Amino acid sequence: DNEAVAVAAIVCTFWLWLRSVRTPSSWPYGVFAGASYAYAAAAWGGGPIFVLNMVGVHALMLVVLGRFSTGVHKAYTLFWVIGTAGAIQIPVIGWQPIRSLEQLGPALVCLGYQVLCFCDMVRRYKKMDAREFVRFRVQAVGVLIGCVLVVAMLLYPTGYFGPLSSRIRGLFVKHTKTGNPLVDSVAEHQPASAGMYTSYLNLPLDFALLGGIVSCWKRNNGFYFLVLYGFIAQHFAGKMSRLVLICGPIVAVSCAIWCGFLLDQLLEPFLLFLGKKPGYTVEDEEEQPTESDSNGNATAAKEKAGAKAVAAKGKAKATKDSAKTPPKVAKKSSRKAEARVLEEWEEEERPGGAAQFKKALKNGIKEAIPEDFQQQYSDFRKMFDSTKGMTIRAVVAVAFVMYTLTIGGTIPRIVTFVRHCDNVAQSLSNPQVVYSVRDRTGKTHIIDDYLKGYQWIDQNTPKDARVMAWWDYGYQITGIAKRTSIADGNTWNHEHIATLGRTLTSPEKKAWNVIRHMADYVLVWAGGGGDDLAKSPHLARIGNSVFPDHCGDDDPKCNKFSFYSDNTPTPMMAKSLLYKQLCPTHAPRERKRERVECSRVPTFLCP
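Bear in mind that the values here come from a model prediction, so they are computed numbers and not experimental data.

Before going further, it helps to examine the overall build of the protein chain. Of the regular secondary structure elements, the protein chain holds 24 helices and 6 strands. Looking at the protein chain residue by residue over its 607 residues, the buried ones come to 37%. Counting only contacts in the protein chain whose residues sit at least 6 apart along the sequence, the fraction spanning at least 24 positions is 67%. Surface summary for the protein chain: the accessible area is close to 36,300 Å², and the carbon and sulfur share equals 62%.

This part covers the state of the cysteines. Disulfide: a covalent bond connecting the sulfur atoms of a pair of cysteines. A full pass over the atoms with the stated rule returns 1 disulfide. Put simply, Cys551 and Cys558 are joined by a disulfide, and their sulfur atoms are 1.6 Å apart. With respect to burial, Cys551 and Cys558 carry one shared label: buried.

Now for the pattern of salt bridges. By the definition in use, this model includes 15 salt bridges. Residue Glu268 is joined to Arg393 by a salt bridge in which the shortest nitrogen-to-oxygen separation is 2.8 Å. Here Arg393 lies in helix 16 (residues 387–405) and Glu268 lies in helix 12 (residues 247–273), a separation of 125 residues in the sequence. Each member of the pair, Glu268 as well as Arg393, is classed as buried. One salt-bridge network, in which partners are shared between bridges, spans Asp120, Arg123, Arg124 and Glu348.

Turning to unusual backbone geometry, a few remarks are in order. You will see that Asn202, though not glycine, has its phi angle at about 55°, which is positive. Positionally, Asn202 belongs in the loop between helix 9 (194–200) and helix 10 (203–215). At Lys482, a position not held by glycine, the phi torsion is positive, near 60°. Looking at where Lys482 falls in the secondary structure, it is placed in the loop between helix 19 (474–479) and strand 4 (484–485). Residue class for Lys482 comes out exposed when judged on its relative accessible area of 54%.

As a further point, take the environment of Asp458. Topologically, Asp458 is positioned in helix 18 (residues 449–460). For Asp458, a relative accessible area of 18% translates into the label buried. Each C-alpha atom, one on Asp458 and one on Lys482, is 6.3 Å from the other, the two residues being 24 residues apart in sequence. Not counting residues up to four positions away in its chain, the partners in contact with Asp458 are Lys463, Ile480, Ala481, Lys482 and Arg483.

Running from N to C, helix 10 and helix 17 (residues 410–429) cross one another at 120°; their axes reach a closest spacing of 9 Å. Between helix 10 and helix 17, the angle is such that the two are oblique. In this structure, helix 10 contributes Leu203, Pro204, Asp206 and Phe207 to the contact, and helix 17 contributes Arg413, Ile414 and Phe417. Its residues assigned to classes, the contact of helix 10 with helix 17 comprises 5 nonpolar, no polar and 2 charged.

Generally speaking, a soluble globular protein has its nonpolar side chains buried in company with each other. Ranked by internal contacts, the top residues of the largest apolar core, which has 54 residues, are Phe14, Trp17, Phe50, Tyr76 and Tyr229. Of all the elements in the fold, those that place two or more residues in this core are helix 1 (3–20), helix 2 (29–43), helix 3 (47–64), helix 4 (70–87), helix 5 (101–126), helix 11 (221–237) and helix 12. Here this core gets 8 residues from one element, more than from any other, and that element is helix 11. The contact partners of Tyr229, leaving out residues within four places of it in the chain, are Phe14, Phe50, Met54, Ile246, Pro249 and Ile250. Of all hydrophobic cores here, the second largest spans 39 residues; its members include Trp470, Ile486, Phe547 and Leu582.

Before going further, it helps to examine the packing of helix 1 against helix 11. In the contact formed by helix 1 and helix 11, the axes pass within 9 Å of each other and the chain directions differ by 145°. Note that helix 1 runs across helix 11; the crossing there is right-handed. Where helix 1 abuts helix 11, its residues Phe14, Trp17 and Leu18 lie against Asn221, Gly222, Phe225 and Tyr229. The residue makeup of the contact of helix 1 with helix 11, split by class, is 5 nonpolar, 2 polar and no charged.

Further remarks concern empty space enclosed by the protein. Counted by the stated rule, this structure contains 3 cavities of 30 Å³ or more. Roughly 80 Å³ of volume is contained in the second largest cavity. What lines the second largest cavity is simply Gly66, Arg67, Phe68, Ser69, Trp345, Glu346, Glu347, Glu348, Arg350, Ala355 and Lys359.

Basis of the calculations
- Residues numbered from 1 in each chain as written.
- Predicted model: local features only at pLDDT ≥ 70, side-chain atom pairs only at ≥ 80, totals over all residues.
- Heavy atoms only, no water.
- Helix = DSSP H or I, 4+ residues; strand = E, 2+ residues; numbered from the N terminus.
- Buried < 20%, exposed > 50% of the residue type's maximum accessible area, 1.4 Å probe, protein only.
- Contact = heavy atoms within 4.5 Å.
- Areas by Shrake-Rupley, 256 points an atom, 1.4 Å probe, with all protein chains shown as cover.
- Disulfide = S-S within 2.5 Å.
- Salt bridge = Lys/Arg side-chain N within 4 Å of Asp/Glu carboxyl O.
- Axes fitted to C-alpha atoms, helices over the stretch in contact; angles between N-to-C directions.
- Parallel < 35°, antiparallel > 145°, perpendicular 65-115°, else oblique.
- Nonpolar A, V, L, I, M, F, W, Y, C, P; charged D, E, K, R; others polar.
- Core = buried A, V, L, I, M, F, W, Y, C linked by side-chain atoms within 4.5 Å.
- Left-handed = near helix turned anticlockwise from the far one by under 90°.
- 1 Å grid on protein atoms, 1.4 Å probe; cavity = no way out; pocket = protein on both sides within 12 Å on 5 of 7 lines; lining within 4 Å.
- Points joined across faces, edges and corners; volume = space filled by probe spheres on them.

Here it is in structure tokens:
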């Protein structure tokens with residue numbers, strides 16, 4: 001389906017977005033992220049909602065975490081403006097990004113980003129301290145919220161905002177409780193089972209959590225996106241089975257992170273032997289011997305001597321000035337006074353807000369750790385990267401690789417996984433109109449009833465004929481039978497689908513009076529299992545959801561149109577056009593205890 005193309009576009013969009021917020025100077029990538037989002041919107045109707053809200057929530061998370069900067073502001077603004085401008089060009093999307101409730105959130109985030117950028121400009125111009133900046137930013141955000149509420153109150157009575165779609169409601173309420181029988185009747189909208197996760201995610205799923213844990217050691221902007229993506233994918237896949245699709249990228253990325261971590265740990269001791277600089281370095285050089293370094297140089301000694309000279313000069317100056325100024329309490333010298341090295345995502349030292357709170361919290365945690373424990377950790381890390389430590393690590397790495405290749409069972413699992421991927425790919429790529437089955441003797445049979453039925457339509461009906469059928473067969477009628485279909489999987493008009501359901505489940509005469517204005521033929525499928533007769537109760541409920549007089553206000557679930565426990569049809573079903581087409585030899589009759597069997601043939605095409 002379209003998702004096969006859209007997943008690649010979605011992954012590309014997410015990567016470009018994360019690349020644009022990696023550093024403050026990476027914002028130009030936001031242009032390409034916006035263009036990729038527009039492409040994803042063109043490839044898959046459901047893609048824009050997921051992509052746009054994922055990026056919007058991540059952008060809001062960066063603000064909450066104190067990681068807002070000029071670069072992030074430019075990146076998100078470019079992404080939203082360019083992406084939205086491209087998405088609204090697609091007819092089925094139109095102005096939904098700024099009117100639909102499920103897409104208004106990212107638009108509000110973009111508006112909020114402009115206010116935050118304005119606050120930063122005022123802070124730099126007026127040189128505000130932390131307290132003043134926090135107070136000014138709270139006031140600006142308060143004004144923004146008030147203006148948004150006023151505009152919403154003015155636009156809401158005009159019908160400007162679109163309601164939440166049934167599919168979106170299905171992500172937050174229990175299956176079959178969305179209020180739309182059309183959505184509830186689709187099997188893909190049921191919650192995903194454990195077997196589905198195992199089948200489609202398989203081996204990488206076993207290591208996805210380990211990859212997430214490893215990522216905690218480098219909490220950059222991409223890490224928080226990984227956590228957000230994982231939570232949303234897991235939650236919504238549990239609501240709708242088709243959304244297991246979006247779990248694939250995050251599971252693959254998390255598994256790759258874990259594999260990369262293992263590979264780094266296995267190769268690092270050998271790279272250290274070859275001259276790689278150790279990953280751990282002692283921060284406090286003042287406490288180390290400074291006569292000479294390992295190369296015989298007196299650099300550290302000279303630095304210490306220079307530091308003593310500067311200290312002596314400063315002391316003499318302080319003594320001279322002591323008569324002019326009152327004495328002050330001397331501040332304790334420590335590394336805290338030194339300029340902090342900015343992280344890759346930081347642009348400047350921002351006063352106030354979450355960033356300053358997090359720094360104070362981290363410093364408090366560090367100070368709470370006993371010095372003995374810190375010294376033990378420092379000694380362990382130095383030993384870990386020493387010659388002895390590298391030798392032990394190299395031996396462990398070789399032993400781990402040998403265990404994995406021999407008795408660990410990893411290689412057979414990988415072989416099984418590759419074979420499983422091939423089998424799943426073949427099952428998904430095989431056509432649904434022609435498929436093979438095996439009988440009890442093991443003999444293979446080709447079932448091509450669908451294909452022959454569509455070919456018969458192509459050869460025996462006028463080229464301009466219109467065919468009415470349930471929307472499941474719309475694409476195949478158009479693509480294989482080469483005839484006009486009344487509805488297909490891209491029919492978004494619920495009333496249109498409900499009209500089909502009501503017509504097919506109405507009494508024969510009443511249905512004919514409607515169909516003759518819409519189509520030339522009616523196509524129904526038989527054969528047992530999931531044929532149209534089995535689907536017919538759903539058709540009746542969908543029709544009744546728009547036309548309550550179909551089953552009556554006293555029967556919203558349309559129980560009048562169903563089978564009795566002995567598989568005999570109810571009177572309403574027995575009189576319907578669909579039942580008479582599938583069971584033409586049985587006239588409507590009173591309920592009897594014997595089971596009524598239809599003469600099952602692959603398809604009926606009724607003029």
